[in-house]
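# Chains, contacts and geometry: an overview
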Amino acid sequence: MTLANESAISPIRLRDYRRPAWTAHTVELDVDLGIDATEITSRLTLRHDAEQPVPLRLDGEGLELLAISLDGRVLAPAEYHYDNSTLEVTGARDGSVLETRVRVHPAANTALEGLYLSGPRETGFLLTQCEAEGFRHITFFPDRPDVLARFTVTLRADRKRFPVLLAGGNPDGSGELADGRHWARFVDPHPKPSYLFALVAGRLESIQRDYVTADGRQVKLVIWSEANVIDRCHYALDALERSMRWDERTYGRNYDLDVFHVVATHDFNMGAMENKGLNIFNAKYLLADPDSSTDEEYRAVEAVVAHEYFHNWTGNRVTCRDWFQLSLKEGLTVFREQQFSADMNSPPLKRIEDVSLLRRTQFPEDAGPLAHPVRPAEYREINNFYTATVYEKGSELVRMLAGRLGQDGFRRGTDLYFERHDGRAATIEDFLAALGDANGIDLMPYLAWYAQSGTPRLHAKGEYNAARREYKLTLSQQTRATPAQPEKLPVPIPVKLSLFDQHGKMLPLYLDGQPAETEKVVVVDQATQQFVFRDIPAPPIPSLLRGFSAPVVLECNYTPAELALLLIHDADGFNRWEAGQQLAILAFDDLHGTDGSSACKAWCDALAALFESPEIDDALLADLLTPPGEIEFADRQSEVDPAKIRAQRQDLQSRLAQRIGATALHDRYQALCADTSQQLDAASQAKRRLKRRVLELLALIDATQAHALAARQYEHAPGMTDRLAALGVLVRDRAPQAAAFLADFRQRYADNPLALDKWFTEQAKLPGDPALASVMALENDPAFTLKNPNRARALLGTFASANPSGFHRADGAGYRLLAERLAQLDALNPQIAARLATAFNGWQRLEPVRREAAHAALDKLAKCDGLSPNLSEIISNVLR
Ligand code: ARG
Ligand code: ZN
């Protein structure tokens with residue numbers, strides 16, 4: 001399968017990396033802002049690498065070139081050439097100053113890359129998104145992350161229309177101009193790559209706070225948003241302060257400018273962006289208030305605020321040499337955010353959440369046609385590589401390194417990394433070298449993890465020798481072939497383990513003369529290895545990969561009884577949950593026919609016991625009572641029928657609910673309802689989480705009662721967590737009360753786009769065949785638009801990627817709908833179209849009828865004229 005325009009774009013390869021021949025040392029931008037037309041004057045002081053005698057070439061995408069001069073002299077047409085993506089200039093030398101003036105059209109920019117308008121043209125504001133390659137849509141530049149320059153930015157605009165003018169760096173003066181116009185200048189003392197440039201201009205309100213860094217710098221923290229939502233920014237401001245303190249304490253990192261601006265927008269392709277001194281956020285990850293945000297959303301705001309702030313060191317002060325190294329900043333920053341969130345909340349719950357996300361998003365990616373290494377070897381469109389693999393698997397790799405070095409060793413390593421590479425662009429090798437050198441350890445073997453795609457399978461087999469009182473654990477690893485990599489090598493897999501006796505007690509481990517402990521880490525770096533534990537009195541039960549010590553799939557032939565024992569006794573909260581997940585998988589696998597296999601009985605019995613146990617945390621219990629999701633079950637099958645998976649998973653949960661009993665569920669629900677506080681403390685959040693799970697379980701065995709409770713819960717909900725949980729149950733069950741509450745919600749939040757997104761999302765999750773009609777009806781809602789990424793994701797993204805039984809209809813109508821919308825969306829916003837298209841990942845493993853239908857829809861889409869490079873790359877990869 002080849003696409004019409006595929007061959008036109010040849011891939012960019014890591015192995016072809018060359019230092020830039022031309023760099024810019026300083027950039028002075030003068031931006032004359034207007035909604036329809038903005039003019040940008042740029043003065044670049046150039047540097048030339050004498051060893052690369054090539055003419056000056058600068059990136060510039062679709063710019064209207066108004067003027068160009070070199071060293072003060074206007075260039076004649078013969079002295080430059082611009083083909084709409086590259087500007088070539090003759091006669092430039094080291095130290096030359098190139099001045100250009102260009103015009104761009106923000107209001108017409110629907111791709112939301114470069115300079116664009118957020119909101120209606122009369123009232124909206126202007127902003128930029130430059131990562132990865134948006135700066136070239138604003139002006140000419142060597143738009144690559146290894147070109148670091150000092151930026152001075154002067155903004156000019158009509159004062160009434162654009163009262164607030166912001167750019168990255170420190171403020172450096174402002175004033176009035178003629179005709180009601182004004183100006184503001186910003187100087188960034190830290191050299192930075194162009195992808196970290198940002199500006200914002202418009203009518204915005206702010207809240208602010210003074211902050212003094214650990215090393216004594218006075219900083220103004222300011223959050224900006226449109227006036228109607230500014231009172232929902234306080235939680236983010238608190239989270240920002242917590243993040244800053246945490247990074248000082250944990251990594252010794254201080255903030256380094258006099259101001260830190262954060263801006264919220266409803267029109268954003270991604271979650272948020274770490275522009276130096278001027279972070280820009282999707283409002284979804286900045287605004288929070290009890291009436292319209294769930295507990296989960298509060299945690300997400302805290303996490304994303306921290307993530308972007310942490311980038312100031314891991315990303316901005318030390319940046320990436322090229323985009324292949326993206327995980328250098330993203331994997332490390334996700335890891336730092338995960339540590340922070342664990343510290344602020346509950347470590348085991350955070351780990352469960354992160355591993356669930358990895359399994360739901362990254363494992364399927366790594367198992368299908370879109371598989372790529374954490375450091376890809378090639379790409380066509382870099383925006384397609386902001387993936388779960390680069391982010392989430394990348395974070396798991398950093399976690400393994402951190403685990404290997406221990407807390408103090410990892411800190412020594414990051415200190416050296418910052419010391420060596422501050423103000424520079426670095427590589428993954430640089431990172432491993434710094435961590436290793438600071439600890440006298442060679443970490444280069446871990447490079448294999450960065451280069452190899454696919455999830456390793458770790459097979460474990462234990463043998464007990466009663467005569468010798470020895471337990472021999474054989475661990476072998478194997479990684480399946482992925483599209484570009486038929487051969488796989490072993491990688492170093494740290495396996496944290498304990499052994500339990502039959503009563504659920506941990507045994508002391510005697511291994512090769514090492515001191516006895518109840519928990520050890522062994523590293524499997526060959527295809528097969530054996531570990532012998534001495535003085536073991538009876539056959540033990542191994543608890544392996546504790547805390548999910550490596551991103552692998554563990555294959556171990558546990559009996560249901562062994563898993564049940566770990567589920568009851570394992571002191572590692574994560575592994576206790578994991579034992580339950582594995583037991584649920586066994587139960588799922590031999591559910592049919594029999595009225596309760598032994599695995600199902602063991603799972604239900606163990607959970608019923610834990611349900612009554614007073615010592616278990618409410619939130620952990622809620623997670624224990626949740627089996628793996630439909631996507632995780634599908635990931636384990638070779639011929640996927642999503643309808644069947646859903647039915648079977650529902651069946652599994654019904655049996656659990658039966659075993660616990662309607663009365664016990666009902667009583668627990670009532671007990672949890674007694675607490676009506678809307679506090680965000682862990683205990684209150686945990687109660688709401690468990691309440692929701694209990695209600696969902698009850699709905700499986702006594703729908704009438706559960707729906708009545710849900711209706712009451714909706715009506716009396718003190719906040720969004722309870723309101724949305726109740727609505728979700730009613731909508732998914734298509735309860736008689738659903739329509740009225742949906743109408744209520746629609747009206748109540750008519751002016752709150754983020755809450756309205758949830759209204760679309762809940763309905764896009766409708767299970768089974770009815771989902772399609774629901775989605776098509778919602779497309780006709782006046783509030784629906786493909787132009788807003790959050791809205792498109794809420795409806796179409798949820799339907800296609802988070803509702804397997806709804807999307808994967810046997811008649812293929814779900815595929816056809818998505819394919820049609822992708823073609824429309826692609827014309828507006830290629831990044832979002834490409835992202836939504838990844839829902840087709842895994843189509844090859846569908847059962848034959850669905851597979852054919854998906855293939856036909858994809859094929860038709862692939863043949864459309866004029867698809868963007870973004871969407872073409874995803875479609876052609878998914879088809880391979
Ligand atoms: N660096 C941003 C982050 O914090 C993501 C920006 C990605 N942008 C894009 N167009 N791909 O993760
Ligand atoms: Zn990031």
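Residues numbered from 1 in each chain as written. Chains lettered and ligands numbered in written order. Predicted model: local features only at pLDDT ≥ 70, side-chain atom pairs only at ≥ 80, totals over all residues.

### Comments concerning the overall build of the protein chain
Under the convention used in this document: Numbering of helices and strands runs from the N terminus, with a helix taken as a DSSP run of H or I at least four residues long and a strand as a DSSP run of E at least two residues long. Based on C-alpha atoms, the radius of gyration is set beside the globule rule, defined as 2.2 Å times the residue count to the power 0.38. With C-beta atoms placed from the backbone, a residue is buried if 20 or more other C-beta atoms are within 10 Å of its own, exposed if 12 or fewer are, and partly exposed between those counts. The contact criterion used is a C-beta to C-beta distance within 7 Å, with each C-beta placed from the backbone.
When helices and strands are tallied, the protein chain shows 26 helices and 31 strands. Relative to a compact globule of 880 residues, whose C-alpha radius of gyration would be 29 Å, the protein chain shows 28 Å and is just as compact. Summarising its shape, the C-alpha atoms of the protein chain cover approximately 90 × 65 × 60 Å along the three principal directions. Within the protein chain, buried positions represent 50% of all 880 residues. By sequence separation, contacts in the protein chain at least 24 residues apart represent 70% of the contacts at least 6 residues apart.

### Some points on the sheet that holds strand 4 (residues 56-59)
Convention followed: The pairing criterion is simple: DSSP has to find at least two bridges between the two strands. Lines fitted to the C-alpha atoms define the axes, with helices restricted to the stretch that makes contact. Angles between their N-to-C directions range from 0 to 180 degrees.
Judged by pairing direction, the sheet is antiparallel, and its three strands sit side by side in the order 4-8-7 without closing on themselves. Two strands close off the open sheet at either side, each with one partner strand: strand 4 and strand 7 (80-82). In this sheet, neighbouring strand axes are inclined to one another by 15° on average, regardless of whether the strands run parallel or antiparallel.

### Quick word on the UniProt feature "domain: Peptidase M1 membrane alanine aminopeptidase" (unreviewed entry) in the protein chain
Our working rule: UniProt positions are given in the numbering used here, feature names are shortened, and annotations may be inferred rather than shown by experiment.
Those places that UniProt annotates as "domain: Peptidase M1 membrane alanine aminopeptidase" (unreviewed entry) correspond, in this numbering, to residues 235-442. The span residues 235-442 shows a helical share of 56% and a strand share of 11%, and its end C-alpha atoms are spaced 43 Å apart.

### What about the packing of helix 5 (residues 388-421) against helix 6 (residues 428-437)?
Short version of the rule: Reported orientations rely on four angle classes, namely roughly parallel under 35 degrees, roughly antiparallel over 145, roughly perpendicular from 65 to 115, and oblique for the rest. Take the far helix as the reference: if the near one is turned anticlockwise from it by less than a right angle, the crossing is left-handed, and if turned clockwise, right-handed.
Taken N-terminus to C-terminus, the directions of helix 5 and helix 6 make an angle of 115°; their axes are 7 Å apart at the nearest point. Accordingly, the angle class assigned to the pair helix 5 and helix 6 is roughly perpendicular. Considering how the two elements wind past one another, helix 5 and helix 6 form a crossing that is right-handed. On helix 6, the residues that touch Leu401, Leu405, Gly413, Leu416, Tyr417, Arg420 and His421 of helix 5 are Asp430, Phe431, Ala434, Leu435 and Asp437.

### Some thoughts on the sheet that holds strand 6 (residues 73-74)
Across the sheet, which stays open at both edges, the eight strands sit in the order 6-5-9-3-2-12-15-14 with mixed pairing between neighbours. Both outer strands of the open sheet, strand 6 and strand 14 (170-176), are each paired with one neighbouring strand and no more. The pairing of strand 5 (residues 64-70) with strand 6 spans two bridges and is classified as antiparallel. Opposite Leu70, over in strand 6, you have Arg73 as the bridge partner.

### Here's the deal with the site of ligand 1
What counts here: Each residue receives a C-beta atom placed from its backbone. It is near a molecule or strand if this atom lies within 6 Å of it. In this count, Pro and Cys sit with the nonpolar residues alongside Ala, Val, Leu, Ile, Met, Phe, Trp and Tyr, while Asp, Glu, Lys and Arg are called charged and the others, Gly among them, polar.
In the vicinity of ligand 1 lie 13 residues, with Glu131, Met270, Met273, Asn383 and Tyr386 positioned nearest. Residue composition of the shell around ligand 1, grouped by class: five nonpolar, four polar and four charged.

### Regarding the UniProt feature "domain: Aminopeptidase N-like N-terminal" (unreviewed entry) in the protein chain
The sites that carry the UniProt feature "domain: Aminopeptidase N-like N-terminal" (unreviewed entry) are, in the present numbering, residues 111-196. In the segment residues 111-196, helix accounts for 0% and strand for 50%; the C-alpha atoms at its two ends are 18 Å apart.

### Let's talk about helix 19 (residues 753-764)
Along an α-helix, a turn takes 3.6 residues, which lines up residues three or four apart on a common side. Condition: Working rule for helices: expected span equals 1.5 Å times residues minus one.
End to end, helix 19 covers 16 Å across twelve residues, agreeing with the expected 16 Å (1.5 Å per residue, within 8%). With respect to burial, helix 19 is a largely interior element, ten of its twelve residues being buried. Within helix 19, burial applies to Leu754, Ala755, Leu756, Asp757, Lys758, Trp759, Phe760, Glu762, Gln763 and Ala764.

### Describing the pairing of strand 11 (residues 125-129)
With five of its five residues buried, strand 11 lies for the most part within the structure. Burial along strand 11 is two-sided: Phe125, Leu127 and Gln129 facing one way and Leu126 and Thr128 facing the other are all buried. Examined bridge by bridge, strand 10 (residues 114-118) and strand 11 share five bridges and lie antiparallel to one another. Residue pairing across strands places Leu115 opposite Thr128, the latter belonging to strand 11. In textbook terms, the turn of a hairpin is the stretch between consecutive antiparallel strands, and for strand 10 and strand 11 this stretch comprises six residues, one of which, Gly119, has a positive phi near 90°. Two strands pair when backbone bridges link them, and strand 11 and strand 16 (residues 199-202) are joined in this way by two bridges, in the antiparallel orientation. Note that in strand 16 the partner of Leu126 across the bridge is Ala201.

### Here's the deal with the environment of Gly252
Position of Gly252 relative to the elements: it lies in the loop between helix 1 (234-251) and strand 19 (259-265). Taking the C-beta count within 10 Å as the criterion, Gly252 has 14 such neighbours and is therefore assigned partly exposed. As a C-alpha pair, Gly252 and Asp215 span 37 residues in sequence and 9.7 Å in three-dimensional space.

### A few points about the pairing of strand 21 (residues 278-282)
By the criterion of burial, strand 21 is predominantly enclosed, with five of the five residues buried. The alternating pattern of strand 21 places Leu278, Ile280 and Asn282 and Asn279 and Phe281 on opposite faces, both of which are buried. As paired elements, strand 20 (residues 272-273) and strand 21 share two bridges and run antiparallel to each other. Within strand 21, the position partnered with Ala272 by the bridge is Phe281.

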